[in-house]
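Given next are the chains, with one letter for each unit.
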Amino acid sequence: MPDTTVKNIHRRQFLKLTGLSAGGLVLGANLPGWQPAWAAGLEKNSELNLFVSIDSDDTVSVVCHRSEMGQGIRTGLSQIVADELEADWQKVNVVQGLGDKRYGDQNTDGSRSVRRFYDTMRRMGASARTMLERAAAQRWEVPAGECRAENHFIVHTPSGRRLSFGELAEAAAGQPVPEEKDLRLKDSGQFKYIGKPVNTVDTPDMVVGRAQFGQDVAVDDMLIASIERAPVLGGKIIKLDDSAARKVKGVVAVEQLDGGAEPPLFKPLSGVAVLAYNTWTAQKGRKLLDITWSETGHSQHDSDAYLKELKQAVQEPGKTIINHGDVDTALAGASRSHSATYTVPYLAHAAMEPLAATAQVSEGACEVWACVQDPQSVQQNVASALGLKPEQVKVNVTLLGGAFGRKSKPDFVVEAALLARKIQRPVKVVWSREDDMRHDYYHAASAAHFQAGFNGDGKVESWLQRTAFPSISGTFQAGVDRPSNSELRLGLADMPFAIPNRRTETQRADYHTRIGWLRSVSNIQNAFGVCSFADELAYSVGRRPDEFLLELIGSDRHINPSQGDYKYDNYGEDLKKFPVDTARLKQVLRRVAAKADLNMRGDHEKNAGEGWGIAVHRSFLSYVGIASKVQVRDGQLKILEMHCAADVGLVVNPDRVRSQMEGAMIFGMSLALMGEIKMQNGAVVNSNFHDYPLLRMHQCPPLSVELIASEEPPAGVGEPGVPPVAPSITNAIFAASGQRISELPINKHLKIG
Amino acid sequence: MQITVNGSAHKVEVEEDMPLLWVLRDELKLTGTKFGCGGGFCGACTIHLDGQPVRACLTPVSFAEGKQITTVEGLSIYGDHPLQLAWIEHNVPQCGYCQSGQLMSAAALLQQTPNPDDKQIDQAMTGNLCRCGTYPRIKSAISAAAKMKAAAKIKRAAAKEGNADA
Ligand code: FES
Ligand code: FES
């Protein structure tokens, strides 16, 4: 158990962890009906371990320490605990954990909640179950071996006597914590909930409008803040005239936030906050601010010009990061060669819920309520801004109205904390859609160049890939001027083709705006390049893409992409447990190829402008293939259907895995078809959904998802569906029309139907 | 000003131009109606005014005086509107943030077009964004709810004729 140990922590600690001991917003225990996810009452529960407590009325409360942003983790993790515990699902109550390092890692990104905590959660369930069994054995004065848990009861097998979990809760909590070696885990054949499409625990609240998000928090006496922030990275306030804003009825205060330090880290940007009794008034006052911002080293940044520069840069030799064989000699001697360059623009997260955070500061303490992916990072960042210790910052995690990586950056929570301290009153910072669009941590704009050479037999003998994009590392460190090795691990270093001569290079790319991770991170541009280029190669030698790809991937084998100084980190997991397995990649390839008619190409007229494209990619330890069918007519694109085959290892909740794949296809379509953040004079031009459009229902084709049955350990789910979507579409467009789109988004080249 | 929300009258002291969205959320603490864009682009704030779907972020509160406002909290008394049931059955929501608006748009659609085809669903729902990508499920849930409603109607009609078992 690397992350968490099963500790029989004291009741007081449990209450602290789940936010029930202090005042503030926390509701009392046992209110009839509903309470927000982050404030459920547990006072009269008996705690069996960090994650499990039981009420004498039989309710089992399971703590979810990971953030819920639509992936269904509050359901998934609880299913695992409930299964090993032998609990009755109807009596399970999910409680959102506060930020606390005792839970282990709480940073809900990297598609790792289930993979990192599957074993831990099973042990938590099994440990609590063992304690209940031992308590029953003591009560009946029988050997513990004769007592078994069965659907919320402990049964004495020889006599058939039964006691409910609730009846045993208190005695069980007094039991010593079982040794790990004494825990009996279920065989997969005995699973009741794991592997089942259990309904999402929050849905009933959502459909009646009761689910509480960061935007929905209200604390007594709070003010709402709307903040005008520096449009350009590094900008500071030179002059401020807030007289008109202050005159607006209902505006209570105008406060400045000093920012603009570089590297940007998770610190707030410079800004001017207008505080009022309600959001409308705060926004109204803010519009009347007159601010002069300083020029910065980024004031000339123009995203179009920048992409051109990157495109230019990748034509020139770069810095070699990984090298196998001798690409240059092989290319020089190739009987045929091909090259291509691809670009992907800056992208925004655009979660449906704009950022929001509420904070209350008192002497030596701060409490926040916010939609955050990483409450422990909130503790650290708020603490350092206020001069507190992380333990003095209490973080209540609300539901997240989407996140996709943005809500793991707590700049917005720090804003709320600083303002709350300044005005000595609780403050809710409400970001508008425009704020969200213009002050994101963007997905990097990128260019990548590929070159390949064939031998006389039509086999690819050499492959050069060279990429340039501003690194996420630049957010944390000054002087970063090219992609980092860790970003190459996401789809380039682990490129799975059996090509004897291959080289990976990076080129220079300067940092001009906050760069962050967006659902599947650099896999987006890396897979777009690799999967597009492989498709181009197939056509260049007149081969069907699936057959050609199978050949490129080569024999069934496990790949270790590390070489010399270059260490492949495999998403932080052991390569033995989660190998780069070409057989699994080929399997999803065959499944999606079976959905597609890949012979349909060449005669575009005869095919009525229709065509299929496929792409497969391993990321976050999972293997996903996508097949898209499109129609291109009169310069207009319509996606007709899309199919996904996914091997994500063992599946805890098949319905939620499907929904993540559906969501990933739609996310992938949005970015491929219409995703582009533009910057001029250092500032973001887009402002709302009219100029940063997302896919709408009428543009969404029928989707299908096939999950490959697997006993391999559970791997990532939230992100790996995204990378193959864009290249599957552009590959299909090529099949349908002969037009190769190498610069995203597609709506620069075709109208979207 | 006085407005009627989900059947109850409320006195609110706000500027006339304040959008209904913020009156509902900040003043009445009815946070089921969501803020997604503030510009009419996303549909997260969809409510009904006298049964018609409108975007609360673009509707000044003064415009709603004397009209019946329905929010997701008032879509049904017991949370059992056929759409709400179908939403649960189809496990529609992911993050859930857009879903109040989706439900309100869908409810207005079924009110006007009890048995919508795919095209009509697309037309009615195209103003409602879902970043998580729940469109296919929304579509199937709307169709299922339409059937549920139709079945309930037949049942009611049969009951009226004294044939409760039909
Ligand atoms: S918030 Fe009203 S349409 Fe988006
Ligand atoms: S469910 Fe998340 S935006 Fe629709």
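Residues numbered from 1 in each chain as written. Chains lettered and ligands numbered in written order. Predicted model: local features only at pLDDT ≥ 70, side-chain atom pairs only at ≥ 80, totals over all residues. Heavy atoms only, no water.

**With respect to the overall build of chain B**
Link 1 in the chain: Within chain B one finds five helices and five strands.
Link 2 in the chain: Along its sequence from the N terminus, chain B presents helices and strands in the succession β-β-α-β-β-β-α-α-α-α.
Link 3 in the chain: In terms of C-alpha radius of gyration, chain B reaches 17 Å, essentially the compact-globule figure of 15 Å for 166 residues.
Link 4 in the chain: Principal-axis analysis of the C-alpha atoms places the extent of chain B at approximately 55 × 40 × 25 Å.
Link 5 in the chain: Across the 166 residues in chain B, those meeting the buried criterion constitute 54%. (Helix = DSSP H or I, 4+ residues; strand = E, 2+ residues; numbered from the N terminus. Rg over C-alpha atoms; globule rule 2.2 N^0.38 Å. Buried < 20%, exposed > 50% of the residue type's maximum accessible area, 1.4 Å probe, protein only.)

**As for the nonpolar core**
Link 1 in the chain: Judged by nonpolar contacts, the single largest core of 190 residues is most densely connected at Phe497, Met669, Ile729 and Ile746 of chain A together with Leu20, Trp87 and Ile142 of chain B.
Link 2 in the chain: For this core, the element with the most residues is helix 17 (residues 654-674) of chain A, which contributes 11 residues.
Link 3 in the chain: Sequence-distant contacts of Ile729 of chain A, defined by excluding residues within four places in its chain, comprise Ser628, Val630, Ile639, Met642, Met669, Ala672 and Ile746 of chain A.
Link 4 in the chain: By size, the runner-up hydrophobic cluster in this structure holds 48 residues, among which are Val60, Val81, Val114 and Phe117 of chain A. (Core = buried A, V, L, I, M, F, W, Y, C linked by side-chain atoms within 4.5 Å. Contact = heavy atoms within 4.5 Å.)

**Examining helix 18 (residues 725-737) of chain A**
All names here are of chain A.
Link 1 in the chain: Here helix 18 is 13 residues long and its end C-alpha atoms lie 18 Å apart, about the 18 Å a rise of 1.5 Å per residue gives.
Link 2 in the chain: Burial analysis of helix 18 places 11 of its 13 residues in the buried class, the great majority of the element.
Link 3 in the chain: When we look at burial in helix 18, the residues that qualify are Val725, Ala726, Pro727, Ser728, Ile729, Thr730, Asn731, Ala732, Ile733, Ala735 and Ala736.
Link 4 in the chain: Along its buried surface, helix 18 packs onto helix 14 (523-540), strand 24 (610-619), strand 25 (622-633), strand 26 (636-647) and helix 17. (Expected span 1.5 Å × (residues − 1).)

**What about the domain arrangement of chain A?**
Residues and elements named next belong to chain A.
Link 1 in the chain: Considered domain by domain, chain A is made up of domain 1 (5-203), domain 2 (214-296 + 355-430) and domain 3 (314-347 + 441-752).
Link 2 in the chain: When each unit is reduced to the centre of its C-alpha atoms, the spacing between domain 1 and domain 3 is 40 Å.
Link 3 in the chain: Between domain 1 and domain 3, the residue contacts involve 23 residues of the former and 24 residues of the latter.
Link 4 in the chain: For the pair domain 1 and domain 3, the summed buried area comes to about 1,600 Å², and 50% of that belongs to carbon and sulfur atoms.
Link 5 in the chain: Looking only at domain 1, the three residues that lose the most surface to domain 3 are Gln71, Ser111 and Arg115, adding up to 35% of its buried area.
Link 6 in the chain: Between domain 1 and domain 3 we count three salt bridges in total.
Link 7 in the chain: The interface formed by domain 1 and domain 3 holds 12 residue pairs in polar contact (both at pLDDT 80 or more) in total.
Link 8 in the chain: Where the side of domain 1 that touches domain 3 is concerned, the elements lending two or more residues are helix 2 (73-85) and helix 3 (113-140).
Link 9 in the chain: At five residues, the largest contribution of residues to the side of domain 1 that touches domain 3 is made by helix 3.
Link 10 in the chain: Tallied by class, residues from the side of domain 1 that touches domain 3 come to seven nonpolar, 11 polar and five charged. (Domains from an automatic or database assignment. Buried area = accessible area lost by both parts, 1.4 Å probe. Salt bridge = Lys/Arg side-chain N within 4 Å of Asp/Glu carboxyl O. Polar contact = N/O pair within 3.5 Å; in protein donor to acceptor, adjacent residues only side chain to side chain. Nonpolar A, V, L, I, M, F, W, Y, C, P; charged D, E, K, R; others polar.)

**Side note on the interface of chain B and chain A**
Link 1 in the chain: Taken together, the 47 residues of chain B in the interface contact 59 residues of chain A.
Link 2 in the chain: Of the roughly 4,500 Å² buried where chain B meets chain A, counting both sides, 57% is carbon and sulfur surface.
Link 3 in the chain: Taken together, the connections running from chain B to chain A amount to six salt bridges.
Link 4 in the chain: The salt bridge involving Lys284 of chain A is made with Asp17 of chain B; its shortest N-O contact spans 3.3 Å.
Link 5 in the chain: The tally of links from chain B across to chain A stands at 26 residue pairs in polar contact (both at pLDDT 80 or more).
Link 6 in the chain: Of all elements in the fold, only helix 1 (20-27), helix 2 (82-89), helix 3 (99-112), helix 4 (118-125) and helix 5 (135-160) of chain B reach the threshold of two or more residues within the side of chain B that touches chain A.
Link 7 in the chain: If you tally residues by element for the side of chain B that touches chain A, the top one is helix 5 of chain B, at five residues.
Link 8 in the chain: Here the residues of the side of chain B that touches chain A sort into 22 nonpolar, 13 polar and 12 charged.

**Examining the layout of surface pockets**
Empty space among the atoms becomes apparent when a probe as large as a water molecule is rolled across them.
Residues and elements named next belong to chain A.
Link 1 in the chain: Each pocket or cavity is described by its volume, and for the largest pocket that value is around 1,100 Å³.
Link 2 in the chain: Together, 50 residues line the largest pocket, and Asp109, Gly110, Ser111, Arg112 and Glu719 are the ones closest to its centre.
Link 3 in the chain: Where the lining of the largest pocket is concerned, the elements lending two or more residues are helix 2, helix 3, helix 13 (485-488) and helix 17.
Link 4 in the chain: For the lining of the largest pocket, the element with the highest residue contribution is helix 3, accounting for four residues.
Link 5 in the chain: Among the residues forming the lining of the largest pocket, the class breakdown is 22 nonpolar, 18 polar and 10 charged. (1 Å grid on protein atoms, 1.4 Å probe; cavity = no way out; pocket = protein on both sides within 12 Å on 5 of 7 lines; lining within 4 Å. Points joined across faces, edges and corners; volume = space filled by probe spheres on them.)

**Here's the deal with the sheet that holds strand 17 (residues 393-397) of chain A**
Residue and element names in this part refer to chain A.
Link 1 in the chain: One open sheet holds the seven strands; their spatial order is 10-11-8-18-15-16-17, and the pairing between them is mixed. Each of the sheet's edge strands pairs with one partner strand only, and the pair in question is strand 10 (251-257) and strand 17. Strand-to-strand, the axes of this sheet are offset by a mean angle of 25°, without reference to chain direction.
Link 2 in the chain: Pairing geometry for strand 16 (residues 365-370) and strand 17, over five bridges, is parallel. Within strand 17, the residue paired with Cys366 across the bridge is Val393.
Link 3 in the chain: The strands touched by helix 7 (residues 279-287) within the sheet are strand 8 (223-229), strand 10, strand 11 (271-276) and strand 18 (427-430), with strand 8 carrying the most contacts at an inclination of about 30°.
Link 4 in the chain: Here helix 11 (residues 411-423) sits on the sheet in contact with strand 8, strand 10, strand 11, strand 15 (356-362), strand 16 and strand 18, set at roughly 40° to strand 15. (Pairing = 2+ DSSP bridges. Axes fitted to C-alpha atoms, helices over the stretch in contact; angles between N-to-C directions.)

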